[in-house]
Amino acid sequence: MIATTVLRRGSISVVDYRCGAGPSDAPFVEQHSGFSIAYVRKGSFSYHTRGRSFELVAGSLLLGHPGDEYMCAHDHVVGDECLSFHFSQEWVAALGEPTDLWRTGSVPPLPEMMVLGELAQASAEGRSDLGVDEVGMLFAARFAEVVSGKRRSALETRVKDRRRAVEAALWLDENSHASVDLDSAAREAGLSPFHFLRLFSRVLGVTPHQYLVRTRLRRAARLLADDDRPITDIAFDVGFGDLSNFVRTFHRAAGVSPRSFRQAARGERNILQVWPSTRLLG
């Protein structure tokens, strides 16, 4: 089993599991250390817990409740891959659903969960400007709706709530150059991460991570146009911790690389010809 930690926060951790076990490997007893949801993206395996057995395939969910013992067996194929979300006790309490939901064992492949699972995978791989912690929380909230049969009502916002969301956006803007995550922004707003995510998204139309990334991109674009510093320095100065992530994110947003953007901003007309939005002008 290869386990790669994608994210570790106070309220949520995300781990990528790649298991190479097969029919010849004997299963063994394990124990869930906390609340978890694993999205099966590839392969198949059997999951045995609390006297029940489930066959999981791509798109299935595996649920974990702290203290419950379980076994996984690969009776049919070799290997599987899962993206697993682990939640704190405080976060599960903030969700407002009975903790027995997490003893469901498994959820079969359902379209409403599979599309979110693939979105989570894209976030984990850096192919989305949504934070993987944000998608993980949305994923768990949707799971709770599906299993309980109770759809979460739309969040009503008061003047105080809207002001809190705007103040949070101003704080994110001021601190976008630093290492900021959902937990720290929620603490600054005085809310649980889940309620902060819902409120911010409801009031401003984007998630906190989307706003943070776009603030960094806005500042990077300004510096690329006006500053002679190397692109690497600009990427780190605006808050991106990885150059390749900056280049990929900037290209996805602008349609051109940071280098081409800088050249276009300085009047190199040939660069404009490859800019997607200018092709219609030719």
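Further up the page is the structure itself.
In this report, the structure presented in the accompanying data block is examined. Computed from a predicted structure; not experimentally measured. (Residues numbered from 1 in each chain as written. Predicted model: local features only at pLDDT ≥ 70, side-chain atom pairs only at ≥ 80, totals over all residues. Heavy atoms only, no water.)

## Describing the pairing of strand 9 (residues 80-87)
Most of strand 9 sits out of view: 7 of its 8 residues are buried. Alignment of strand 2 (residues 12-19) against strand 9, held across 8 bridges, turns out to be antiparallel. The residue bridging Val15 from the neighbouring strand is Ser84, located in strand 9. (Buried < 20%, exposed > 50% of the residue type's maximum accessible area, 1.4 Å probe, protein only. Helix = DSSP H or I, 4+ residues; strand = E, 2+ residues; numbered from the N terminus. Pairing = 2+ DSSP bridges.)

## Brief notes about unusual backbone geometry
For Arg50, which is not glycine, the phi torsion reads 50 degrees and is therefore positive. Within the fold, Arg50 resides in the loop between strand 5 (45-49) and strand 6 (52-56).

## A word on the nonpolar core
Counting 43 residues, the largest nonpolar core has Ile37, Phe85, Phe87, Trp91 and Trp102 as the members making the most contacts within it. Those residues in contact with Trp91 that lie beyond four places of it in its chain are Ser11, Trp102, Met137, Ala140 and Phe194. Ile231, Val238, Phe246 and Val256 belong to the second largest nonpolar core, which has 15 residues in total. (Core = buried A, V, L, I, M, F, W, Y, C linked by side-chain atoms within 4.5 Å. Contact = heavy atoms within 4.5 Å.)

## Focus on the sheet that holds strand 6
The 4 strands lie next to each other as 3-8-5-6, forming an open sheet whose pairing is antiparallel. At either margin of the open sheet sits one strand with a lone partner, and together these are strand 3 (30-31) and strand 6. Here strand 3 runs beside strand 8 (residues 69-73); their pairing, made up of 2 bridges, is antiparallel. When the sheet's bridge partners are listed, Glu30 is paired in strand 8 with Tyr70.

## Quick notes on the layout of surface pockets
By volume, the largest pocket is sized at about 740 Å³. Around the largest pocket, the lining comprises 33 residues; the ones closest to its centre are Arg9, His209, Val213, Arg216 and Asn245. Counting residues per element, the ones that place at least two in the lining of the largest pocket are strand 1 (2-8), helix 2 (111-124), helix 3 (132-148), helix 5 (182-189), helix 7 (208-226) and helix 9 (243-254). The element best represented in the lining of the largest pocket is helix 7, accounting for 5 residues. For the lining of the largest pocket, the per-class residue count stands at 14 nonpolar, 10 polar and 9 charged. In this model, the second largest pocket occupies a volume close to 580 Å³. Taken together, 26 residues make up the lining of the second largest pocket; nearest its centre are Met1, Tyr17, Glu30, Tyr70 and Cys72. (1 Å grid on protein atoms, 1.4 Å probe; cavity = no way out; pocket = protein on both sides within 12 Å on 5 of 7 lines; lining within 4 Å. Points joined across faces, edges and corners; volume = space filled by probe spheres on them. Nonpolar A, V, L, I, M, F, W, Y, C, P; charged D, E, K, R; others polar.)

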